[in-house]
Amino acid sequence: MITQILGTALFGVPVLLGLAGLLLPAGDAGRSGRRPAAALGILGAALALADVVFLLAATDKPIDHSVEVARFGDLAVTFGVSLGPAALYVALAVTVVALAVQVYSVGYLHDDPRYAPYAAQVGIFTGAMLLVVSANDLIMLLVGWEVMGLCSYLLIGHDRRLPEAPRAAVKAFLVTRVGDVGFLLGIALLGVSAGSFRIADVLANAPSHLTIAGLTVALLLILAGVAGKSAQFPLHTWLPDAMAGPTPISALIHAATMVAAGVYVVFRLFPLFARSPGALAVLGVMAAITLLLGALAATAQDDLKRVLAWSTVSQIGYMTGALAVGAPAAALFHLLTHAAFKALLFLAAGGVIHAVGTNLMSRMGGLRTHLPATFWAFVVGLGALAGLPPLAGFWSKENVLVAAAHATEGEGPAPAWVGWVVWLAGLLGVAITAWYATRLLLRTFFGPERSRTEQWHVGFDDARYEREHGAPHDPPRLMRWPVQVLAVPAALLGLVAFLPGFRSALELEPPHLEISIVLPLLLLALGAGSAWWLWHTAPGVDPARALGRWRPLFAAGFRLDDVQDRLVVRPVRALAAALRLVDERVVDAAVEGAGTSTSRLGQTLANAHRAALPRAAVAVFAGALVLGVVAAIYGAAS
Amino acid sequence: MTVADVLLLALGAVAVGSGAAVVTSDHLVRSGLYLVVSLGAMAGLYLVLGAELVAWVQVLVYVGAVVVLLLFAVMLTRAPIGPSPDLDRPAWPALIVGGGVGLGLAALLADAFRWTLYDRPEPGTTERMGTQIFGQWVLPFEVLSILLLSALVGAIVLSRPDIGARTGEEA
Amino acid sequence: MHAVIPYVTGALLFGLGVYGVLRRRNAILVLMAVELMLNAVNLIFVTADAAVRATLVGVQVEAWAYPNGRPAHSGGVFALFVIVLAAAEVGVGLAIVLQYYRMRRAVHVDEVALHHEDEQVGR
């Protein structure tokens, strides 16, 4: 009973408090007006965190209960929670990051007049993500999924003063929507074939009711939704533009939680995926392409947040790659560590942006002495990102690469070539990730200070902070503490893998420190070293200059935005214009035409009545003639 | 081909010919005079067919009164004596309809009666016609008298010159 | 006699009358054409009368057909009635034409405005 209430409260409390927060008046209520909104937001995240901690500590078997809420013929929709240890760990990560973001936002958005709806929407989003994590039923999962998409749209477009924000929000919404169509179809297919939407039932029944081909089709449809939400190729184009949202949102949604939701769904449905080598192959190829695409694009960006966004795309490629080679535990472990270090990086980046007043790295530089706390946070975060031992990222990335290497032997559920593809892409990615991480660190914190010397104008920087007079300095307390708190798991979470309890909960393999870790470490050293060497030979110059002609291509994300525009946006717009034309010219014209033709007919008849005398005489006689002829012919015929 | 046929043909030709001249002439007064010829030929036709009373009534009333009335109206409306060019409307609707009616009816009647020979009946003298009128047709006769009376009154009323002024005062 | 000859004559005269009604612009000429039509009808009546009587010679008919014991002259009687009607019609019609002439100084039928109710009748 207690577990039922706590399980439901896990997502219920943040949602309810968030909805209550929406009732607060928006607008600039001043400092005192923000207190209730901040209180509701922080309280929601804190209560959820306490709930998770309690459930982790107090329960020893997975929580699973459900109650039926709707019935469509033979199909039942149930409402319930299913919280195994894996789900609880993910929920823990979500609530920790959410709490950190809520606290951080109080400081970051201290002069934003629309803080109250923002905090409420973050709360609702947290609840929706927790619903996805704890859902027992595919329909409930879909509900949480969609609410997350909605909140993401609202939050990306939060700052109305930016011209890019509404467009980025719509782009995010539409691109993920395209994926969600496939997601819905996949869920429908699985649910109908299994006879029920409960995940346990689907896992048990769907394989027996579907052929391998049918199962593959359903799983590919679900992968469409995963690709959309988790920003995998080809539906990844929304994530870099979504950086128009406030930085805490980027930390919460686009680093730690929503983009990980897709990975989590595949994790939950993995027994089905394991039966379909086709789906795993597609996932593997998608993962490899995304991995390299994100990493290469990150090397050429000038915008600090965009580097992190493309890095997110790339790291989720690692997670989906791990899933593709049949190691869901490794994917989940990387999800947890990524949540920690990416949220850390984004929040720390918020501090840098707040201090300098711009997003662009070309306007930063030499900030190490001015922002020491932020600098060390970046060191920890970037080290974890690159996979520097003993930080968290090293262990989780190691797991992924080892799993991929094992899969090349062809024993797992995925074909052997998928293992090769993922493994090679992963290794290459290690080098490129190290390169761009080093570049970011050097460009932002070392070298000459560009922010004071060059004439800069504000690009798009969120929260429109006025650049503070005086030297840049570390952010205030409310923004610093969440960063420092997040630095702890970013550093130490990897070592948790040695704990047997954690390992068995996730079904992880024990980390092996053997010869196979040498190769990634070498590649890391290669990447970081080359970036450092470029910097060393030409200090202050952007190492990305070494990319030469490729730089614009990488910076534009391989122009996939343009490809999408050509292939999808323009035909859809043309179709919409054509439909509008049809609606106006054909449908409306038919309706109006019925009226106009009737009145014209009446007008004609009225004019006929007003015919002059001779014309009327002609008409009468002609009519008589016709009648006579008809009568004569009829009479002759009969 | 009896004598009656020859007479019928000749008088019919005259009637049709002058009828055509009535509707095609561009002299207004000449149309009226052609109408006289046509109506006279018609009276001749009636005579041949044995309707004596009708023939002479035709001459008296139609030729003597109606056409005279028409010519008076021609005079009173200041119609030009010479040819007038704008006397006609476009020809083709009239040709189609008129030609259709005339030729259609002719074809119908010719097809109906072919070349049947009928005996000449006894003529419709005044005595006989009068017996019919005041015997079998007395009611229509009385109604027609009333109609004539009303037409007479109506014509007088309609042609009063001060009607316009009275309507003008009321308006 | 061959009755078809006056029949065809009547038909042709009727057609000529229709032609005249539709072609002529002067109202009086239209009335003349109407007279032609009426005469054609009269001719048909009289011819039919003669043909019927000729056909029915020797036929025993009912008593009501011959109320006076003599063969009927219905066609001729009708022709007389038509002549009377034509006279009355010409009288009234010409009165209208003259009145219209007073208004318009012309009697062209295709200038008669039928749909303007706010016309003033005046000199």
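Everything numeric here is computed off the predicted structure, so don't read it as measured data.

Looking only at helices and strands, chain C features three helices and zero strands. Listed by position from the N terminus, the elements making up chain C come as α-α-α. With 123 residues in all, chain C has 57% of them scored as buried. Total accessible area on chain C is roughly 5000 Å²; 63% of this is exposed by carbon and sulfur atoms.

Let us look at the interface of chain B and chain C. Taken together, the 93 residues of chain B in the interface contact 80 residues of chain C. Between the two partners, chain B and chain C, sit two salt bridges. The residue B:Asp88 makes a salt bridge to C:Arg23 at a minimum N-O spacing of 3.5 Å. The tally of links between chain B and chain C comes to 14 residue pairs in polar contact (both at pLDDT 80 or more). Mapped by element, the contributors of at least two residues to the side of chain B that touches chain C are α1 (3–24), α2 (28–49), α3 (52–76), α4 (91–113), α5 (126–135), α6 (138–158) and α7 (163–170) of chain B. A total of 14 residues in the side of chain B that touches chain C trace back to one element, the largest contributor, which is α4(B). Class assignment of the residues belonging to the side of chain B that touches chain C gives a composition of 61 nonpolar, 20 polar and twelve charged.

Below, the discussion takes up the packing of helix α11 (residues 258–268) of chain A against helix α15 (residues 328–356) of chain A. All names here are of chain A. Contact pair α11 / α15: the axes reach a minimum separation of 10 Å and the direction vectors enclose 155 degrees. In terms of orientation, α11 lies roughly antiparallel with respect to α15. In terms of crossing hand, the pair formed by α11 and α15 is left-handed. Residue-level inspection shows Ala-260, Val-263, Tyr-264 and Phe-267 of α11 in contact with α15, the latter providing Pro-328, Ala-329, Ala-331, Leu-332 and Leu-335. For the contact of α11 with α15, the class distribution of residues is nine nonpolar, no polar and no charged.

This paragraph deals with the packing of α11(A) against helix α14 (residues 304–324) of chain A. Residues and elements named next belong to chain A. Where α11 meets α14, the axes come as close as 10 Å, and the angle between the chain directions of the two elements is 0 degrees. Accordingly, the angle class assigned to the pair α11 and α14 is roughly parallel. From α11, Val-259, Val-263, Val-266 and Phe-267 reach across to α14, where they touch Thr-312, Ile-316, Met-319, Thr-320 and Leu-323. Its residues assigned to classes, the contact of α11 with α14 comprises seven nonpolar, two polar and no charged.

Predicted confidence across chain A gives a mean pLDDT of 85, with 94% of residues reaching 70 or more. Segment residues 453–465 of chain A: pLDDT under 50, and 41 contacts once partners within four positions in sequence are set aside and those in other chains are kept.

Another aspect to go through is the pairing of strand β2 (residues 75–83) of chain A. Residue and element names in this part refer to chain A. Burial of β2 is extensive: eight of the nine residues sit out of reach of the surface. The pairing of strand β1 (residues 63–72) with β2 spans nine bridges and is classified as antiparallel. Looking across to β2, one finds that Glu-68 is bridged to Thr-78. As consecutive antiparallel partners, β1 and β2 are separated by two residues, and within that stretch Gly-73 has a phi angle of approximately 65 degrees, a positive value.

Taken together, the eight residues of chain C in the interface contact eight residues of chain A. In total, about 730 Å² of surface goes out of reach between chain C and chain A, with carbon and sulfur atoms giving 85% of it. For the interface between chain C and chain A, the tally reads zero salt bridges. Our count for the contact surface shared by chain C and chain A stands at zero residue pairs in polar contact (both at pLDDT 80 or more). Among the elements that line the side of chain C that touches chain A, the one with the most residues is helix α1 (residues 4–23) of chain C, at three residues.

Residues and elements named next belong to chain C. When the UniProt feature table is mapped onto this chain numbering, "transmembrane region" (unreviewed entry) sits at residues 6–22, 29–56 and 76–98. Annotated as residues 6–22, this span is 100% helix and 0% strand, and its ends, taken at the C-alpha atoms, are 24 Å apart. Helix and strand shares over residues 29–56 are 96% and 0% respectively, and the end C-alpha atoms of the span are 41 Å apart.

This paragraph deals with unusual backbone geometry. Residues and elements named next belong to chain A. Here the amide bond leading from Phe-233 into Pro-234 is cis, since omega sits at 0 degrees, within 30 degrees of zero. Topologically, Pro-234 is positioned in the loop between α8 (212–229) and α9 (238–241). With phi around 55 degrees, Ala-231 is a residue other than glycine that occupies positive phi space. Residue placement: Ala-231 occurs in the loop between α8 and α9. A relative accessible area of 0% means that Ala-231 is categorised as buried.

Looking now at the environment of A:Thr78. All names here are of chain A. Mapped onto the elements of the fold, Thr-78 is located in strand β2. Taking the C-alpha atoms as reference points, Thr-78 and Phe-197, separated by 119 residues in sequence, lie 7.4 Å from one another. Filtering out sequence-adjacent residues up to four positions away, Thr-78 remains in contact with Ser-66, Val-67, Glu-68, Val-69, Asp-137, Met-140 and Arg-198. Side-chain polar atoms of Thr-78 contact the side chain of Asp-137, separated by 2.6 Å.

Across its 30 residues, helix α18 (residues 416–445) of chain A extends 43 Å between first and last C-alpha, which sits within 8% of the 44 Å expected from 1.5 Å per residue. Backbone geometry just downstream of α18(A) places A:Gly447 in the positive-phi region, at approximately 80 degrees.

Further remarks concern helix α7 (residues 199–209) of chain A. Residue and element names in this part refer to chain A. Considered for burial, the residues of α7 that qualify are Ile-199, Val-202, Ala-206 and Pro-207. Viewed along the axis of α7, the buried residues span an arc of 95 degrees, placing them on a single side of the element. Exposed residues on α7 whose side chains face more than 90 degrees from its buried face are Ala-204, Ser-208 and His-209. Along its buried surface, α7 packs onto α5 (138–156), α6 (164–194), α11 and α12 (270–273).

Structurally, C:Thr47 is set in helix α2 (residues 27–55). Once residues within four sequence positions are removed from consideration, C:Thr47 is found in contact with B:Leu49, C:Ala3, C:Pro6 and C:Tyr7.

Another aspect to go through is the layout of surface pockets. Over the atoms, a rolled probe matching the size of one water molecule traces out where space is still vacant. Taken as a whole, the largest pocket encloses approximately 870 Å³ of empty space. Of all the secondary-structure elements, those providing two or more residues to the lining of the largest pocket are α6 and α24 (560–609) of chain A. Looking at which element gives the most residues to the lining of the largest pocket, the answer is α24(A), with ten residues. Class assignment for the residues of the lining of the largest pocket results in 16 nonpolar, three polar and eight charged. Empty space within the second largest pocket amounts to approximately 530 Å³. Lining the second largest pocket are 20 residues, with A:Leu613, C:Ala27, C:Val30, C:Val97 and C:Val109 positioned closest to its centre.

Moving on, we come to the packing of aromatic side chains. Centre distance and the angle of the planes are the two values used to describe a pair of aromatic rings. Residue and element names in this part refer to chain A. Applying the stated criterion to the full structure yields 20 aromatic pairs over all chains. Seen from their ring centres, Tyr-115 and Tyr-118 are 6.1 Å apart, and the 35 degrees between their planes marks the pair as tilted. With Tyr-115 and Tyr-118 both in helix α4 (residues 115–134) and three residues apart, the pair spans about one turn of that helix. Both residues of the pair, Tyr-115 and Tyr-118, belong to the buried class. Stacked on the ring of Phe-375, the Lys or Arg Arg-368 has its end atom at 5.9 Å from the ring centre. Above the plane of the ring of Tyr-318 lies Lys-397, whose end atom (NZ or CZ) is 4.9 Å from the centre.

Definitions and cut-offs
Residues numbered from 1 in each chain as written. Chains lettered and ligands numbered in written order. Predicted model: local features only at pLDDT ≥ 70, side-chain atom pairs only at ≥ 80, totals over all residues. Heavy atoms only, no water. Helix = DSSP H or I, 4+ residues; strand = E, 2+ residues; numbered from the N terminus. Buried < 20%, exposed > 50% of the residue type's maximum accessible area, 1.4 Å probe, protein only. Areas by Shrake-Rupley, 256 points an atom, 1.4 Å probe, with all protein chains shown as cover. Contact = heavy atoms within 4.5 Å. Salt bridge = Lys/Arg side-chain N within 4 Å of Asp/Glu carboxyl O. Polar contact = N/O pair within 3.5 Å; in protein donor to acceptor, adjacent residues only side chain to side chain. Nonpolar A, V, L, I, M, F, W, Y, C, P; charged D, E, K, R; others polar. Axes fitted to C-alpha atoms, helices over the stretch in contact; angles between N-to-C directions. Parallel < 35°, antiparallel > 145°, perpendicular 65-115°, else oblique. Left-handed = near helix turned anticlockwise from the far one by under 90°. pLDDT = per-residue confidence, 0-100. Pairing = 2+ DSSP bridges. Buried area = accessible area lost by both parts, 1.4 Å probe. UniProt positions renumbered as here; feature names shortened; annotations may be inferred. Expected span 1.5 Å × (residues − 1). Arc of directions from axis to C-beta. 1 Å grid on protein atoms, 1.4 Å probe; cavity = no way out; pocket = protein on both sides within 12 Å on 5 of 7 lines; lining within 4 Å. Points joined across faces, edges and corners; volume = space filled by probe spheres on them. Phe/Tyr/Trp six-rings, centres within 6.5 Å; stacked < 30°, edge-to-face > 60°. Lys NZ or Arg CZ within 6 Å of the ring centre and 35° of its normal.

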